Amino acid sequence: MRPIIALTGDSMVAPSPVINLNYADMAPNMIKNAIVKVGGAPLILPYPEDDAVSEALAQQYVSVFDGLVLPGGPDVDPTFYHEEPIQAMGRATYQKDQFEIALIKATLKAKKPIFAICRGIQILNVALGGTLYQDLPSQNPKATIRHSQAAPGQWPTHHVAITPGSHLASLMGTSSYVNSRHHQAVKAVAPDLQVTAQAPDGVVEAVESKDSDLILGVQWHPENMWPSFPDQLPLFSDIVKRAGGEAHE
């Protein structure tokens, strides 16, 4: 039986031409396709508009799935790491952040695995006590390469160096050529996480658990790359395997 791999949803901020409603719930199509391809059963979890029920929903959802994927999306509200928003910060959704933080904590308490992508690695770091650069270009003068690429999103634009001996290295080797579509990034790393990949300018590109195999997060978007760059597909096979399934590629 395929393990159930949950992925958190987002909301459209413009009217849908199909259903003519604002804030229609959605999730990235290519993540869904990747999970199906490698042997998982995707399940999309919408966040509640009423943040008073976030904790309860998170607890109930965890009993249903075997592994969790945190996709990309909007900026993380800096109030969750005790900062005020700067001028260069983009759109954030407080209810989504609160729900995902509750879901991350509940998932780890249940000892179920997590794979985080782009915004996912950022909300994961915040949920576990870390901080973010709200805007790399204005807050980190050492971030000298372009992290919000102009090239089409499915194409790689910069390299990352992966820590030898890390779980990520076992999947991808010690270097990868990746895409890059972000202006926020991990700043202070959460105590339970370790950095296992960096861009040439030192920006954090991957984190893992220190003491278990429950967490893997990457800053790039492998879901957009895997159809043309199959070296990215093992990241999805890995979450299926860590969730107790028999992944295939």
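Before any of the text, the structure's been laid out above.
Predicted model, so just to flag it, every value in this text is computed and none were measured. (Residues numbered from 1 in each chain as written. Predicted model: local features only at pLDDT ≥ 70, side-chain atom pairs only at ≥ 80, totals over all residues. Heavy atoms only, no water.)

## Side note on the side chain of E223
Logical step 1: Along the chain, the position of E223 falls in helix 7 (residues 222–225).
Logical step 2: The buried charged residue E223 lacks any salt bridge, with R181 as its nearest oppositely charged partner at 4.7 Å.
Logical step 3: At 2.8 Å, the side chain of E223 forms a polar contact with the side chain of H221.
Logical step 4: Setting aside chain neighbours within four positions, we find E223 in contact with M30, I31, I117 and F236. (Helix = DSSP H or I, 4+ residues; strand = E, 2+ residues; numbered from the N terminus. Buried < 20%, exposed > 50% of the residue type's maximum accessible area, 1.4 Å probe, protein only. Lys, Arg positive; Asp, Glu negative; His and termini not counted. Salt bridge = Lys/Arg side-chain N within 4 Å of Asp/Glu carboxyl O. Polar contact = N/O pair within 3.5 Å; in protein donor to acceptor, adjacent residues only side chain to side chain. Contact = heavy atoms within 4.5 Å.)

## Things to note about helix 2 (residues 54–62)
Logical step 1: Residues of helix 2 that are buried: S54, A58, Y61 and V62. One side of helix 2 holds all its buried residues, which, seen down the axis, span an arc of 95°.
Logical step 2: Against the buried residues of helix 2 lie strand 4 (41–45) and helix 3 (94–109). (Arc of directions from axis to C-beta.)

## Some words on the packing of helix 3 against helix 4 (residues 119–127)
Logical step 1: For the pair helix 3 and helix 4, interaxial distance at closest approach is 9 Å and the crossing angle is 70°. Here helix 4 runs roughly perpendicular to helix 3, going by the angle between their axes. Seen from above, helix 3 lies across helix 4 with right-handed handedness. Residues K96, D97, E100, I101, I104 and K105 of helix 3 pack against R119, I123, L124, V126 and A127 of helix 4.
Logical step 2: Looking at the contact of helix 3 with helix 4 residue by residue, the classes come out as six nonpolar, no polar and five charged. (Axes fitted to C-alpha atoms, helices over the stretch in contact; angles between N-to-C directions. Parallel < 35°, antiparallel > 145°, perpendicular 65-115°, else oblique. Left-handed = near helix turned anticlockwise from the far one by under 90°. Nonpolar A, V, L, I, M, F, W, Y, C, P; charged D, E, K, R; others polar.)

## Overview of the nonpolar core
A general trend in soluble globular proteins is that nonpolar side chains are found buried together.
Logical step 1: Of all hydrophobic cores here, the largest spans 35 residues; its most connected members are F65, L70, L103, I104 and L124.
Logical step 2: Of all elements in the fold, only helix 2, strand 5 (67–70), helix 3, strand 6 (114–117), helix 4 and strand 12 (204–209) reach the threshold of two or more residues within this core.
Logical step 3: For this core, the leading source of residues is helix 3, giving seven residues.
Logical step 4: Listed in part, the 28 residues of the second largest apolar core include I31, I35, L216 and W226. (Core = buried A, V, L, I, M, F, W, Y, C linked by side-chain atoms within 4.5 Å.)

## A closer look at the packing of aromatic side chains
Logical step 1: Taken as a whole and judged by the stated rule, the model has four aromatic pairs.
Logical step 2: Judged by centre distance (5.9 Å) and plane angle (80°), the ring pair of Y61 and F99 falls under edge-to-face. Of this pair, Y61 sits in helix 2 while F99 is found in helix 3, placing the two residues 38 residues apart along the sequence.
Logical step 3: Look at F99 and you get buried, because its relative accessible area is 0%. (Phe/Tyr/Trp six-rings, centres within 6.5 Å; stacked < 30°, edge-to-face > 60°.)

That is the geometry; function is a separate question.
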